[in-house]
Structures are given as C-alpha cells and as structure tokens.
Amino acid sequence: VSDVDVRTRILAANEAAANGLRARFRAGGTLVVNLISAPGSGKTSLLEQTIVRLRDRLRIAAVDGDIATERDADRLRQLGIPAHQILTGGSCHLDARQLVTALDAARFGDVDLLLVENVGNLICPTNYDLGEDFKVVLLSVAEGEDKPFKYPAIFARAEVCVISKVDLLPYVSFRLDEVRDQVRTLRPDGRILECSARTGEGMSDWCSLLEARLAAKRAGIAGAAPPPARR
Amino acid sequence: VWVAVGELSAVEPDLLRFAWEAVTAGTRDAGSTLEVEWRPARQVCERCGEPSERAAGSWLRLCPRCQGPLRLEGGMELDLVRLAFVTDDPLEEPRP
C-alpha cells in the first residue's frame with residue numbers, strides 16, 4: 001500500500017482560471033459582480049434598473065447564465081448595453097472557464113462594470129469563483145424568511161445581500177428583522193440592502209455601492225498591491 | 001481517497017460518496033472508497049474568543065456565555081487530502 005499526501009483544492013483548476021480572470025479585470029480596471037439567487041428573485045430586474053441608472057456614467061456589460069433561452073441577455077441588450085448569454089444546457093452554475101470563453105467571444109472592449117448573472121440556484125454557484133470582486137445574493141421577500149439559515153453557504157460567502165421585491169412586503173409574511181439577523185449571523189461584516197426594482201426603493205444605495213467599489217478598486221490599482229482573494 | 005468537505009462548501013457527503021461509487025463502477029478503481037472528513041463551520045465569540053457548541057445545521061445568534069457577537073470561521077473546505085492505493089505494478093516487485 002502506498003500513501004500519498006495530496007492536500008490540494010478539488011476546485012483548483014477553476015481557481016486557476018478565476019485568478020486569470022481576476023488579473024484581467026484588474027488590468028482593465030473593471031469591477032465584476034457575481035449575482036446569485038434562486039430563480040425568480042429578480043436578478044435581471046435588478047440589473048435592468050442598475051443599467052438604466054448607471055449607463056450614462058459607466059461602461060457596463062453583462063454576462064447571463066441560463067440553462068436555456070437568450071431572454072435575459074435580450075432584456076439587457078434592449079437597454080443599450082452589450083450582453084452575452086451563456087447557455088449551460090442543464091448545468092446549474094457558471095464556472096470560471098465558461099466566463100473566459102464567454103468574454104473571449106463577446107469582445108466587450110473596455111468596461112467599467114461587468115455584471116455576471118449566475119444561473120438561478122442558491123447552492124451550486126456558491127463554490128465557483130469567477131474572479132469577481134464580490135458575490136451578491138438576492139432574496140426576494142416572497143421566498144420566505146427562513147432562507148438564509150437554510151442556505152447558509154451562499155449567505156456566508158456573499159459580501160452583499162439584496163433583499164428584493166420589498167414593495168411586496170405588505171402582502172407576504174416576511175419579517176425583515178429576522179432575515180437581517182440571520183444574514184448577519186452568517187456574514188457579520190456583510191452589507192444588507194433592501195430594494196425594489198419596481199418602485200426604485202433602495203436602488204440609489206445599490207448603485208452608490210457599485211460606484212464606490214469601482215472607485216476603491218481603481219484607487220487600489222493605482223496605489224498598493226491587491227488584497228488576497230477570499231476563498 | 002480522503003477528502004475534506006466543509007459545512008459551507010455546498011457539497012453533501014452522502015451524495016459525493018454515491019457519485020464516487022457511480023463513476024468508479026466498472027473501472028479499475030471500482031471498489032475504492034471515498035472517505036469524507038466533515039469540517040464543520042465554527043462560530044467564535046468576538047468578545048471572549050471561545051468557539052461555541054451548537055447542534056448540527058443550527059446557528060447561534062449570540063455567544064451563549066457572554067451574549068457577544070459571533071463570527072463564522074472555517075467550513076469552506078473542499079479539499080483532496082490523501083490517497084492510499086494498492087499497487088500491482090511489476091516494476092515495484094523486488095528484482096532477482
């Protein structure tokens with residue numbers, strides 16, 4: 001019997017590709033956001049409203065992951081930004097190599113803000129680093145207030161949690177305090193935003209956060225070395 | 001094959017073992033076993049520095065000793081740790 005100590009990350013190949021992407025985004029001064037949620041939480045609607053508010057100030061591009069249809073990318077293209085659809089054909093998450101392929105095909109050119117809309121799923125996208133600056137998890141008030149503790153991995157990893165569809169709060173049983181408490185338990189240093197793409201509530205906070213993070217990234221590139229990537 | 005799976009890795013040990021059996025079946029690796037080392041996440045008190053005991057799958061909101069805020073540590077692992085294999089390579093037999 002031979003024994004070999006290996007001690008390697010199972011997703012090392014994905015991480016290598018993600019590190020390549022990170023270097024590319026850093027060289028381009030591009031802020032990259034990886035949006036993750038269950039299907040129907042309003043990722044595309046949030047992005048539409050983000051694009052409408054920021055497109056005059058920032059060069060924005062989007063990559064949409066879905067199992068089938070170009071619907072999401074079409075919705076964003078109608079707002080005048082370049083968008084590329086990745087059709088995963090059944091796979092439940094995006095990996096770093098898929099994003100490399102998509103970016104090579106899309107040829108977006110210089111971009112300030114790259115919005116990556118992951119496949120609708122609260123579980124599998126959690127583990128796949130896409131070279132993003134941060135992950136955003138969306139939870140709509142219609143999904144129920146037990147979700148952070150039921151899907152702790154993504155709520156622990158996402159630096160920003162957007163509670164979406166808050167215009168529906170009067171019609172559903174969803175205690176915001178309880179959800180904020182669960183999210184903070186899993187990610188004490190995270191940021192929680194409450195938004196409605198329909199009424200515009202919270203959208204300026206969200207857009208300010210993106211602009212501030214982009215400015216901080218560019219200042220960091222001009223100044224010191226980048227912070228190490230968080231696993 | 002020993003792998004470490006963290007509580008926050010979004011990987012389920014039983015399903016991983018089942019998948020291992022399925023992909024190795026009918027290959028020369030059939031019969032090999034996948035041992036999963038479960039790595040729970042720890043909730044550590046910011047104030048008293050102590051990790052807290054908790055029931056599997058449940059989360060504490062505050063430190064049970066001092067009511068201080070808790071931070072989350074570990075549990076993100078998805079690592080290949082160690083391999084042990086039986087060789088029947090003739091090159092490894094003692095030569096006359």
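As the structure is a prediction and not an experimental result, all values here were calculated from the model.

1. Digging into the overall build of chain B
- The number of helices and strands found in chain B is one helix and six strands.
- Order of helices (α) and strands (β) in chain B, N terminus to C terminus: β-α-β-β-β-β-β.
- Against the compact-globule benchmark of 12 Å for 96 residues, chain B has a radius of gyration of 20 Å, which places it well outside the compact range.
- Along the first, second and third principal axes, the C-alpha atoms of chain B reach 70 × 30 × 15 Å.
- Counting across all 96 residues of chain B, residues that qualify as buried make up 31%.
- Of all intrachain contacts in chain B linking residues separated by at least 6 positions in sequence, the fraction that spans at least 24 positions is 62%.
- Only carbon and sulfur atoms are counted for the fraction: they give 56% of the accessible area of chain B, which is about 6200 Å².
- Averaging the positions of the 11 positive and the 17 negative side-chain charges in chain B gives two centres separated by 9 Å.

2. Points about the sheet that holds strand 4 (residues 51-52) of chain B
Residue and element names in this part refer to chain B.
- If you trace the three strands from one edge of the open sheet to the other, you get 4-3-5, paired in antiparallel fashion. Each edge of the open sheet is held by one strand with a lone partner, namely strand 4 and strand 5 (70-73).
- Relative to strand 5, strand 3 (residues 42-45) is paired through four bridges, and the arrangement is antiparallel. Bridged to Cys 45 within strand 5 is Leu 70.

3. Quick word on the sheet that holds strand 1 (residues 2-6) of chain B
- In spatial order, the strands read 1(A)-6(B)-1(B)-2(B); together these four strands make up an open sheet with mixed pairing. For this open sheet the edge positions go to strand 1 (2-9) of chain A together with strand 2 (35-39) of chain B, each flanked by a neighbour on one side alone. Each strand of the sheet is rotated relative to its neighbour by a mean of 20 degrees, with strand direction disregarded.
- Inspection of the sheet shows strand 1 of chain B paired to strand 6 (residues 78-85) of chain B by four bridges, in the antiparallel sense. Bridged to B:Ala4 within strand 6 of chain B is B:Asp79.

4. Some points on unusual backbone geometry
- In the Ramachandran plot, A:Arg7 falls in the positive-phi region, its phi being about 50 degrees despite a non-glycine side chain.
- By the element assignment, A:Arg7 lies in strand 1.
- Within the chain, B:Gln67 stands out as a residue other than glycine whose phi angle is a positive 65 degrees.
- Inspection of the secondary structure puts B:Gln67 in the loop between strand 4 and strand 5.

5. Concerning the interface of chain B and chain A
- Residue-level contacts link 24 residues of chain B with 26 residues of chain A.
- In total, chain B and chain A occlude about 2200 Å² of area from one another, counting both sides; carbon and sulfur atoms represent 55% of this.
- Counting the surface chain B buries against chain A, the share from its top three residues, B:Trp59, B:Arg61 and B:Met76, is 29%.
- Applying the counting criterion to the chain B and chain A interface returns four salt bridges.
- Salt-bridge contacts for B:Arg82 lead to A:Asp3; the nearest nitrogen and oxygen are separated by 2.5 Å.
- Here chain B is connected to chain A by 13 residue pairs in polar contact (both at pLDDT 80 or more).
- Broken down by secondary-structure element, the contributors of at least two residues to the side of chain B that touches chain A are strand 5 and strand 6 of chain B.
- Broken down by element, the side of chain B that touches chain A gets its largest block of residues, eight residues, from strand 6 of chain B.
- Taken together, the residues of the side of chain B that touches chain A break down into 16 nonpolar, three polar and five charged.
- Relative to strand 6 of chain B, strand 1 of chain A runs antiparallel, the two being bridged by six bridges. Residue pairing in the sheet places A:Asp5 in a bridge with B:Arg82 of strand 6 of chain B.

How each quantity is defined
The written sequence of each chain sets the order in which its residues are numbered from 1. Each chain gets a letter, beginning with A, and each ligand a number, beginning with 1, in the order they are written. The predicted nature of this model means local features are confined to residues of pLDDT at least 70 and side-chain atom pairs, given and counted, to a pLDDT of 80 or more, with totals for whole chains, interfaces and linings taken over all residues. Values shown for side chains rest on all heavy atoms present in the structure; no hydrogens or waters enter the calculation. Numbered from the N terminus, helices here are DSSP runs of H or I no shorter than four residues, and strands are runs of E no shorter than two. For this measure, only C-alpha atoms enter the radius of gyration; the expected value for a globule follows 2.2 Å times N^0.38, where N is the number of residues. Here's how the labels work: a residue is buried when its accessible area is under 20% of the maximum for its type, exposed when over 50%, partly exposed in between, all with a 1.4 Å probe on protein chains only. In this description, contact between two residues means that some pair of their heavy atoms is separated by no more than 4.5 Å. For every accessible area listed, the method is Shrake-Rupley and the probe measures 1.4 Å; residues are considered covered only by the protein chains on display. Here Asp and Glu are counted as negative and Lys and Arg as positive; His is not counted, and neither are the chain ends. In plain terms, the charge of a residue is placed at NZ if it is Lys, CZ if Arg, CG if Asp and CD if Glu. In this analysis, strands are considered paired if DSSP registers two or more bridges between them. Simply put, an axis is a line fit to the C-alpha atoms, just over the touching stretch for a helix, and the angle between two N-to-C directions goes from 0 to 180 degrees. Two parts placed together each lose some accessible area under a 1.4 Å probe, and adding up what both lose gives the buried area. For this analysis, a salt bridge means a side-chain nitrogen from Lys or Arg found within 4 Å of a carboxyl oxygen belonging to Asp or Glu. Any pair of nitrogen or oxygen atoms within 3.5 Å is treated as a polar contact; in protein, a donor-acceptor pairing is required on top of that, and neighbouring residues in sequence qualify only through side-chain atoms on both sides. Charged means Asp, Glu, Lys or Arg here, nonpolar means Ala, Val, Leu, Ile, Met, Phe, Trp, Tyr, Cys or Pro, and polar covers whatever is left, Gly included.

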